[in-house]
Amino acid sequence: MSGPVSPVKAPGRLVVAVPYLWLGLFFLAPFVMVLRIALSDAATALPPYAPHFEGLAALRDFLAGLDLENFGLIWEDPLYWQSYLYSLRIAALTTLIALAIGYPLAYAMASAPARWRAILLVLVILPFWTSFLIRVYAWIGILRPEGLLDMALAALGLSDQPLRLLNTETAVLIGMVYSYLPFMVLPLYATLEKLDRSLLEAAADLGATPLKAFLTVTLPLSLPGVLAGSALVFIPAIGEFVIPDLLGGPDTTMIGKVLWTEFFSNRDWPLASAVAVVLLVVLVLPLALLQRARLARAGEGGGAA
Amino acid sequence: MTRLGPGLILALVAGFAFLYLPILALIAYSFNASRLVTVWGGFSTHWYGTLLANEPLLSAAWLSLRLAFVSATLATALGTLAALALARQGRFRGRLLFTGMALAPLVMPEVITGLSLLLLFVAADVERGFWTVTIAHATFGLGFACIVVQARLVGFDRSLEEAARDLGATPLVTFWTVTLPLIAPAVAAAWLLAFTLSLDDLVIASFTTGPGATTLPMRLYSAVRLGVSPEINAACTILIGFVATVVIAASLLLKRRQALGA
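Residues numbered from 1 in each chain as written. Chains lettered and ligands numbered in written order. Predicted model: local features only at pLDDT ≥ 70, side-chain atom pairs only at ≥ 80, totals over all residues. Heavy atoms only, no water.

Asker: How would you summarise the overall build of chain A if you had to cite specific residues and measurements?
Answerer: For chain A, the count of helices and strands is 14 helices and zero strands. Each helix and strand of chain A, ordered N terminal to C terminal, gives the series α-α-α-α-α-α-α-α-α-α-α-α-α-α. For chain A, contacts bridging at least 24 residues in sequence account for 74% of all contacts bridging at least 6. As displayed, chain A offers around 14800 Å² of accessible surface, 70% of which is attributable to carbon and sulfur atoms. (Helix = DSSP H or I, 4+ residues; strand = E, 2+ residues; numbered from the N terminus. Contact = heavy atoms within 4.5 Å. Areas by Shrake-Rupley, 256 points an atom, 1.4 Å probe, with all protein chains shown as cover.)

Written out as structure tokens, the structure is:
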């Protein structure tokens, strides 16, 4: 792909510089701000934080003024680390369920006749275009007491007791899996579709049962897709705010909601920033895994092209 | 392997039922005459009429549309440049950081993106409102635009660009006359993606907005918190219809252009 490297000319340099500057200003600099404010005291004045250093004045002052108070609070108050653990649990469960639903779906899509595949692909992508908020709202109408699910169960004579699913962990999981399923299906489909079917035929010729062929050929070869899909679901799921807020209850406190509450209700900006910094640290490992999966896939694509 | 067994057909049907039934139910109940959301009181467009009288919701929708238009245009321009940088500039200094910065917003939890941008705007003492949300959405949409355009740039025949250069075209002329027409479908798709992402965003907008700039998702969110109502169903149905129309029209247009171009 990268043939002889041509010398970078002026327009070329501009092509790099403009988005670089934008991202540096509006993506990187904000993270430095978060770190800086996470290390300052809460104050009631507006903006509600007291910075410990101004400008570039003396690194020594800065280091002396570093205040780990907010991180100490996160460490000591069980509310915070329990929310982190709970978010990890919900994100992990969401990923597993999405994988359990998404793998058969992606496999069936990839096995479908070629002329169906384009339509099936559009059908998976289309819900992604509809508003996130609307998709979560739709589930409120289904799960609430005497909602559509209760009505359907009563009509079928299966249950006349309301299930009371809304504001439970089950409701949060349903909403999460529903919203993130396309992120799981798309990378899975991409790897499964590229899979060389003659390998399966070879396995069958050599006497492998379909199950054995799947476990020894298809599954290992689709692992990059599994990894990419899982990371694409797991990472944003940890910090999710809207779904646990609208579908969850008081005992489904995820860290995204804690950050939101610290910021908007308690107006404790430094603490909210410290929560964000710890959340970023939690995300480093899955982000690195995602990057590896992406590089692996890029290498594969290069080989095939 | 092009035959689908009953198991795979079941996987397809169940998977797509799960994806589509909730949205279809929501649309159906927007035409319910009864205010009781679960009781079917006959077909009615009553709730669409009450929407037209809902002044705060309408002005929020207008603001969201303008905001999505401007931020999507910015995101697409910057994302296309970023994609050109990644696909055409080979190894430049800081490429790894550049890639990371462009692609991180794709998976970064929105609460972090929103909070960090707000802290920047406060530190810079910028008045918050339309433009701060626009900048936030442009930054967030840039990564998505970049991926879409980059996929197209990697896929197409570079010898066309080289031919133009050999015939004496400057890089800028080559870009306008050869590269841009070839990647136009991807650029259009990138713009649409950035547009709907902006139209949809609640979290980042809530952090970075100021008084007087309440977006449609923010209005819907505060209404949804109060419970289900047929009026919200009607608003959601219009939004779904709008986005579906734009997406389908765009994909048809792109298909025709591709067919003509091929």
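Asker: Explain the overall build of chain B residue by residue, including any values.
Answerer: The helix and strand inventory of chain B stands at eleven helices and zero strands. Secondary structure elements of chain B occur, N-terminal to C-terminal, as α-α-α-α-α-α-α-α-α-α-α. Considered along the principal axes of its C-alpha atoms, chain B spans approximately 70 × 60 × 30 Å. Classification of the 262 residues of chain B by burial places 53% in the buried group. Here the contacts in chain B between residues at least 6 apart in sequence split such that 72% fall between residues at least 24 apart. Accessible surface, chain B as shown: approximately 12000 Å² in total, 68% of it carbon and sulfur. Charge-centre separation for chain B: the mean point of 16 positive side chains lies 7 Å from the mean point of 11 negative side chains. (Buried < 20%, exposed > 50% of the residue type's maximum accessible area, 1.4 Å probe, protein only. Lys, Arg positive; Asp, Glu negative; His and termini not counted. Charge placed at Lys NZ, Arg CZ, Asp CG, Glu CD.)

Asker: Summarise the packing of aromatic side chains; cite the residues concerned and give the values.
Answerer: The tally for this structure, following the rule as stated, stands at 25 aromatic pairs over all chains. Centroid distance W139 of chain A to F18 of chain B: 6.0 Å. Interplanar angle 50°. Geometry classified as tilted. Taken together, the residues span two chains, with W139 of chain A in helix 6 (residues 132-143) and F18 of chain B in helix 1 (residues 6-29). An angle of 80° between the planes, with centres 4.9 Å apart, marks the rings of F263 of chain A and F264 of chain A as edge-to-face. (Phe/Tyr/Trp six-rings, centres within 6.5 Å; stacked < 30°, edge-to-face > 60°.)

Asker: So what's going on with the interface of chain B and chain A? Residues and values would help.
Answerer: Taken together, the contacts link 81 residues of chain B with 86 residues of chain A. Each partner contributes to the roughly 7700 Å² buried at the junction of chain B and chain A, and carbon and sulfur atoms together form 83% of this total. Scanning the region where chain B abuts chain A turns up one salt bridge. As a salt-bridge pair, R225 of chain B and D245 of chain A come within 2.9 Å of each other at their nearest N and O atoms. Our count for the contact surface shared by chain B and chain A stands at ten residue pairs in polar contact (both at pLDDT 80 or more). The dominant element in the side of chain B that touches chain A, judged by the number of residues it contributes, is helix 1 of chain B, at 13 residues. Classifying every residue of the side of chain B that touches chain A gives 64 nonpolar, twelve polar and five charged. (Buried area = accessible area lost by both parts, 1.4 Å probe. Salt bridge = Lys/Arg side-chain N within 4 Å of Asp/Glu carboxyl O. Polar contact = N/O pair within 3.5 Å; in protein donor to acceptor, adjacent residues only side chain to side chain. Nonpolar A, V, L, I, M, F, W, Y, C, P; charged D, E, K, R; others polar.)

Asker: Tell me what's going on with the environment of W139 of chain A, and back it up with residues and numbers.
Answerer: Since its relative accessible area comes to 9%, W139 of chain A is described here as buried. Taking the C-alpha atoms as reference points, W139 of chain A and F31 of chain A, 108 residues apart in sequence, are found 34 Å from one another. Not counting residues within four places of it along the chain, the set of residues in contact with W139 of chain A comprises I174, Y178 and L247 of chain A together with F18 and P22 of chain B.

Asker: A description of the layout of surface pockets should follow, citing residues and the corresponding values.
Answerer: Residue and element names in this part refer to chain B. Empty space within the second largest pocket amounts to approximately 310 Å³. Breaking the lining of the second largest pocket down by element, the ones donating at least two residues are helix 2 (46-52), helix 3 (55-88), helix 10 (216-225) and helix 11 (230-261). When grouped by side-chain class, the residues that make up the lining of the second largest pocket number 15 nonpolar, no polar and no charged. (1 Å grid on protein atoms, 1.4 Å probe; cavity = no way out; pocket = protein on both sides within 12 Å on 5 of 7 lines; lining within 4 Å. Points joined across faces, edges and corners; volume = space filled by probe spheres on them.)

Asker: Mind laying out helix 8 (residues 171-200) of chain B, listing which residues take part and the relevant values?
Answerer: For helix 8 of chain B, which comprises 30 residues, the first-to-last C-alpha distance of 37 Å sits more than 12% below the rise-based estimate of 44 Å (1.5 Å per residue). At A184 of chain B, helix 8 of chain B is deflected by roughly 55°, the largest bend along its length, and proline P185 of chain B occurs up to four residues later in sequence. (Expected span 1.5 Å × (residues − 1). Bend = angle between axes of the 7 residues up to and from the residue.)

Asker: So what about empty space enclosed by the protein? Which residues, and what values?
Answerer: Rolled over the atoms, a probe as big as a water molecule pinpoints where empty space is left. In total, this model carries four cavities of 30 Å³ or more according to the counting rule given. What lines the largest cavity is a set of 31 residues, among which F132 and F183 of chain A together with E110, F140 and L197 of chain B lie closest to the centre. Taken together, the elements giving at least two residues each to the lining of the largest cavity come down to helix 5 (114-129), helix 6, helix 8 (169-194) and helix 11 (223-238) of chain A together with helix 5 (110-123), helix 6 (130-155) and helix 8 of chain B. The greatest single-element share of the lining of the largest cavity, amounting to four residues, is contributed by helix 8 of chain B. Looking at side-chain class alone, the lining of the largest cavity contains 22 nonpolar, four polar and five charged residues.

Asker: I'd love a proper account of a nonpolar patch on the surface, names of residues and values included.
Answerer: All names here are of chain A. A grouping of W81, L85 and L88 is seen on the molecular surface, where their side chains present a nonpolar patch of about 270 Å² in accessible area. Residue placement: W81 occurs in helix 4 (residues 78-111). Overall, W81 belongs to the partly exposed group, its relative accessible area being 39%. (Patch = residues over 30% accessible without salt bridge, like charges linked within 9 Å, V, L, I, M, F, W, Y side chains within 5 Å.)

Asker: Explain unusual backbone geometry to me, using residue names and the numbers behind them.
Answerer: It is generally the case that most residues other than glycine have a negative phi and that most peptide bonds are trans. Even without a glycine there, the phi angle at N167 of chain A is positive, about 65°. Along the chain, N167 of chain A falls in the loop between helix 7 (148-155) and helix 8. You can call N167 of chain A partly exposed: its relative accessible area is 40%. Of note, D125 of chain B is a non-glycine position whose phi angle comes to about 55°, a positive value. Residue class for D125 of chain B comes out exposed when judged on its relative accessible area of 69%.

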